[in-house]
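# Fold and contact review
Given next are the chains, with one letter for each unit.
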Amino acid sequence: MKTSRKNKSLTILLAIFAIALTASCQKWLDVKPEDKFTEEQIYKTPGGVAEVMNGIYLRLGEEKSYGSYLTMTMMEVLAQRYRVNSDRSAFYYYNSRSYNEKKVQEGLAAIWTDMYVTIGNINDFIRILPTVDNGLTQEQKDQYLGEAIGLRAFLHFDVLRMFGNYYDETTKSEEAIPYYRKLSTTIEPFSTSEEIIAYILEDIAQAEQLLSKDPIIGGSSLENYNNNRFNFYAAKALKARVYQWAGDKEKAFAAAKAVIDAQNVFPWVNHAAITIAGKDTDRKFFSEIIFSVFNPDLYTIYQNHFDGNLLEGELLATGPDNSVSKVYENYEGDYRYTYLWPYATSGIGYRTFVKYVDLVNKDNKSRFMVPLIRMSEMYYIAAESAPTPTEGLGYLNTVRQHRNIITDISNPANLKNEITKEYRKEFYGEGQLWFYYKRSKITSVMSMNSNGSNTTIPLVEYRFPIPQVELNGR
C-alpha cells in the first residue's frame, strides 16, 4: 500500500514521542494537550535534557542498528566474514546479497527508516535545546549540540555508504540519499553524493566548534564514559573517514593525524589486559575506542549468534576447517587471533568469535559497549593517505606492533595489500570491512564460505537498493 507523505511524517513524529517516553519515563505520563507543553516538560531540567540525549544514544545501540546488524552480524555476513550455509541463519539471504528476497528488503527498509527516525529525533533536539532556559550553561548546551550535530553527520554518512554508490569522479554527481537538517512534513529531495559529503563536512565543522571544550580534551577515553558518546575526537575521526571516502588523501591524512596526535587520550591496550585469564580479557581493546554505543542486549545477541553450543547452521563462525586462520596468516602471536578466536570448549569444538562474550566483572565499563570508531583506523587512514608509501608503512607497522606482530612490513610496494589484510584482522565484528571493500572497489574478496578462498562481489552489489517505502512516499 502506498505510504503518503503525511503518514511518513506522522510515523517519524510518533517515533520521537516513543523515544522521549522511553527516556523520560513518568514525565510523559502527565500528558498535556499541546506538543509545546510536552516539550517544556521534558526539557525544563538539565536531567530531562540528559535523558533525551541518552535516549538517542540508546537507539543507536539497538540490535537492528549498531548494536548488531551494522556491526557484528549483517554487515559482516555481507563481507563474507562467516560461513553461512543454512537458511536457519537469520542472515542467510544477506550472505548472497539477495536484495530481492522479502526478508532482506524488510531488513534494509527497517535500517533506512530507523536511521532517518533517529536523525529526526536529533534534529528536534537541536531545534528545541537552544530555546529553553533550564539551568544549563551555554557551554553545556554547546556540548550537547555538538554531540547531536556530530551524530547527524555520522548517521547520514553511514546511510550514504550503504545506499549510495561508491564515490569517484564518475559517480559523485549521481543522486544518492536525502539529507535532513530539520524535522518537518516536507520530504527532502535526494542529493548527489558530492552534495551529501559537503553537508556532512559542514555538520562536522560545526560539531568540532561546539565541542571545543569537550571534557575529553586533555583527559582519557575511559573517564566518565568519554568514548561512549560522540566526542570531540569522534568528530575529527569521522572527518578523516569522510575525506578518505571522497578520495581527498591530503585532507584525510591531516584529519587522521590530528587524532593520532591525541594518542595519549586513547592509549594502546596493554599486554596484561589482553592476556588476563578468563572472561575478563579486554577483547575490545577498549581504551583505544574513540566512539562506541551501549547495547544492554549484547550478550543475548552473542548467545544467539556466536555461542559455540549453537547448531552449526545458526552459528556465525568460519567453519570446522577454521578458515579464520587464513585471515591471521596462521600467526598465533597476533592478539586478535589468539584471544578473539579461541577454540570452543564445548559444543562444535572449533574456533568461535568471542569479542562480545560476557565479562565476569559486571562493573567493567566496556561490558555492553560496541565499538564504532577506534584509534587503529586513524593509523590505517594515515598509512593509506600518507605523502609517501614509506611514511605510510610507519603508521601501519605501529598498529601491527601493538597487536604483537613482531615482523614489520618493509616493502612500500606491498602497502595497499597489507592495509587490506589489516582491515580484515582488526575490524571483525565491527562492520567496517564491507565499506573498505566498497571504497576500494575490491571485487575479489576472501570468503569464509569458500574456506578462505576468494569469491566475487560485483561492484553494483555494494549498493543497497533504496527501500520501496521511501520511494512510495515521493
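Residues numbered from 1 in each chain as written. Predicted model: local features only at pLDDT ≥ 70, side-chain atom pairs only at ≥ 80, totals over all residues. Heavy atoms only, no water.

## Examining the overall build of the protein
On a plain count of helices and strands, the protein comes out with 19 helices and 6 strands. Over its C-alpha trace the protein gives a radius of gyration of 22 Å, about what one expects of a compact globule, namely 23 Å for 474 residues. With respect to the three principal axes, the spread of C-alpha positions in the protein is 65 × 50 × 50 Å. Relative to its full complement of 474 residues, the protein shows a buried share of 59%. Of the contacts formed within the protein by residues at least 6 apart in sequence, a portion of 68% connects residues at least 24 apart. Put simply, the protein shows about 19100 Å² of open surface, and 51% of that area lies on carbon and sulfur atoms. The protein carries 53 positive and 57 negative side-chain charges, and their two centres are separated by 2 Å. (Helix = DSSP H or I, 4+ residues; strand = E, 2+ residues; numbered from the N terminus. Rg over C-alpha atoms; globule rule 2.2 N^0.38 Å. Buried < 20%, exposed > 50% of the residue type's maximum accessible area, 1.4 Å probe, protein only. Contact = heavy atoms within 4.5 Å. Areas by Shrake-Rupley, 256 points an atom, 1.4 Å probe, with all protein chains shown as cover. Lys, Arg positive; Asp, Glu negative; His and termini not counted. Charge placed at Lys NZ, Arg CZ, Asp CG, Glu CD.)

## Description of the side chain of Lys 425
By secondary structure assignment, the location of Lys 425 is in helix α17 (residues 415-426). Residue class for Lys 425 comes out buried when judged on its relative accessible area of 2%. At 2.7 Å, the side chain of Lys 425 and the side chain of Glu 329 are in polar contact. In contact with Lys 425, not counting residues within four places along its chain, are Val 327, Tyr 328, Glu 329, Asp 334, Arg 336, Arg 400 and Ile 405. (Polar contact = N/O pair within 3.5 Å; in protein donor to acceptor, adjacent residues only side chain to side chain.)

## A closer look at the packing of aromatic side chains
Within the structure shown, the criterion is met by 41 aromatic pairs. Measuring from centroid to centroid gives 5.6 Å for Phe 154 and Phe 291, while their planes differ by 85 degrees, and the two rings are edge-to-face. Pair noted here: Phe 154 is in helix α7 (residues 138-163) and Phe 291 is in strand β3 (residues 289-294), with a separation of 137 residues, a long-range link. A centroid spacing of 5.6 Å and a plane angle of 90 degrees characterise the contact between Tyr 233 and Phe 266, whose relative ring orientation is edge-to-face. Separated by 33 residues along the polypeptide, Tyr 233 in helix α9 (residues 232-245) and Phe 266 in the loop between α10 (249-260) and α11 (271-275) bring together distant segments of the chain. In this pair, the class of Tyr 233 matches that of Phe 266, namely buried. Site record: aromatic cluster; members linked through ring pairs are Tyr 99, Trp 112, Tyr 116, Phe 163, Tyr 180, Phe 190, Trp 434, Tyr 462 and Phe 464. When the ring centre of Tyr 428 is taken as origin, the NZ or CZ atom of Arg 81, which lies over that ring, is 3.7 Å away. The ring centre of Tyr 225 lies 5.4 Å from the NZ or CZ of Lys 365, which sits over that ring. (Phe/Tyr/Trp six-rings, centres within 6.5 Å; stacked < 30°, edge-to-face > 60°. Lys NZ or Arg CZ within 6 Å of the ring centre and 35° of its normal.)

## A look at α10
Under the 1.5 Å per step criterion, the end-to-end length of α10 is 16 Å for 12 residues, consistent within 8% with the ideal 16 Å. Those residues of α10 not exposed but buried are Ala 252, Phe 253, Ala 255, Ala 256, Val 259 and Ile 260. Considered in projection along α10, the buried side chains sweep an arc of 170 degrees and stay on one side of the axis. Contacts made by the buried residues of α10 are with α9, β3, α15 (375-385) and α16 (389-402). (Expected span 1.5 Å × (residues − 1). Arc of directions from axis to C-beta.)

## Concerning helix α6 (residues 102-128)
Helix length check: α6 (27 residues) gives 39 Å between terminal C-alpha atoms against 39 Å at 1.5 Å per residue, within 8%. Extensive coverage of α6 is indicated by the burial of 20 of its 27 residues.

## As for the pairing of strand β4 (residues 369-374)
Extensive coverage of β4 is indicated by the burial of 6 of its 6 residues. Pairing between β3 and β4: 5 bridges, direction antiparallel. For Phe 294, the partnering residue across the bridge sits in β4 and is Met 369. (Pairing = 2+ DSSP bridges.)

## Here we look at the nonpolar core
Core analysis: the biggest nonpolar cluster contains 143 residues, and Met 74, Phe 125, Phe 291, Trp 341, Met 378, Trp 434 and Phe 464 have the highest contact counts within it. With 13 residues, the single largest contributor to this core is α7. (Core = buried A, V, L, I, M, F, W, Y, C linked by side-chain atoms within 4.5 Å.)

## Observations concerning the environment of Tyr 199
Along the chain, Tyr 199 turns up in helix α8 (residues 193-210). For Tyr 199, a relative accessible area of 27% corresponds to the partly exposed category. Taking the C-alpha atoms as reference, Tyr 199 lies 10 Å from Arg 152; in sequence the two are 47 residues apart. Apart from residues no more than four positions distant in its own chain, Tyr 199 is found in contact with Tyr 179, Arg 181 and Ser 191.

## Brief notes about the packing of α15 against α17
Where α15 contacts α17, the two axes come as close as 10 Å, and the packing angle between them is 165 degrees. The orientation of α15 relative to α17 falls into the category roughly antiparallel. In the crossing of α15 with α17, the sense of the turn from one axis to the other is left-handed. Across from Ser 376, Glu 377, Tyr 380, Ile 381, Ala 383 and Glu 384 in α15, the residues of α17 making contact are Leu 415, Lys 416, Ile 419, Glu 422, Tyr 423 and Glu 426. For the contact of α15 with α17, a count of residues per class yields 6 nonpolar, 1 polar and 5 charged. (Axes fitted to C-alpha atoms, helices over the stretch in contact; angles between N-to-C directions. Parallel < 35°, antiparallel > 145°, perpendicular 65-115°, else oblique. Left-handed = near helix turned anticlockwise from the far one by under 90°. Nonpolar A, V, L, I, M, F, W, Y, C, P; charged D, E, K, R; others polar.)

## Considerations on unusual backbone geometry
Although it is not a glycine, Arg 97 adopts a positive phi angle of roughly 50 degrees. Relative to the elements of secondary structure, Arg 97 occurs in the loop between α5 (92-95) and α6. Since its relative accessible area comes to 13%, Arg 97 is described here as buried. The backbone of Asn 404 sits at a positive phi, close to 70 degrees, despite the residue not being glycine.

## Overview of the side chain of Lys 355
Tracing the backbone through its elements, the reader meets Lys 355 in the loop between α14 (335-338) and β4. Assessed through its relative accessible area of 3%, Lys 355 is described here as buried. At a separation of 2.7 Å, a polar atom in the side chain of Lys 355 contacts the main-chain carbonyl oxygen of Tyr 428. Polar contacts involving the side chain of Lys 355 include one to the side chain of Glu 430, which spans 2.7 Å. Apart from residues no more than four positions distant in its own chain, Lys 355 is found in contact with Arg 283, Lys 284, Leu 340, Glu 426, Tyr 428 and Glu 430.

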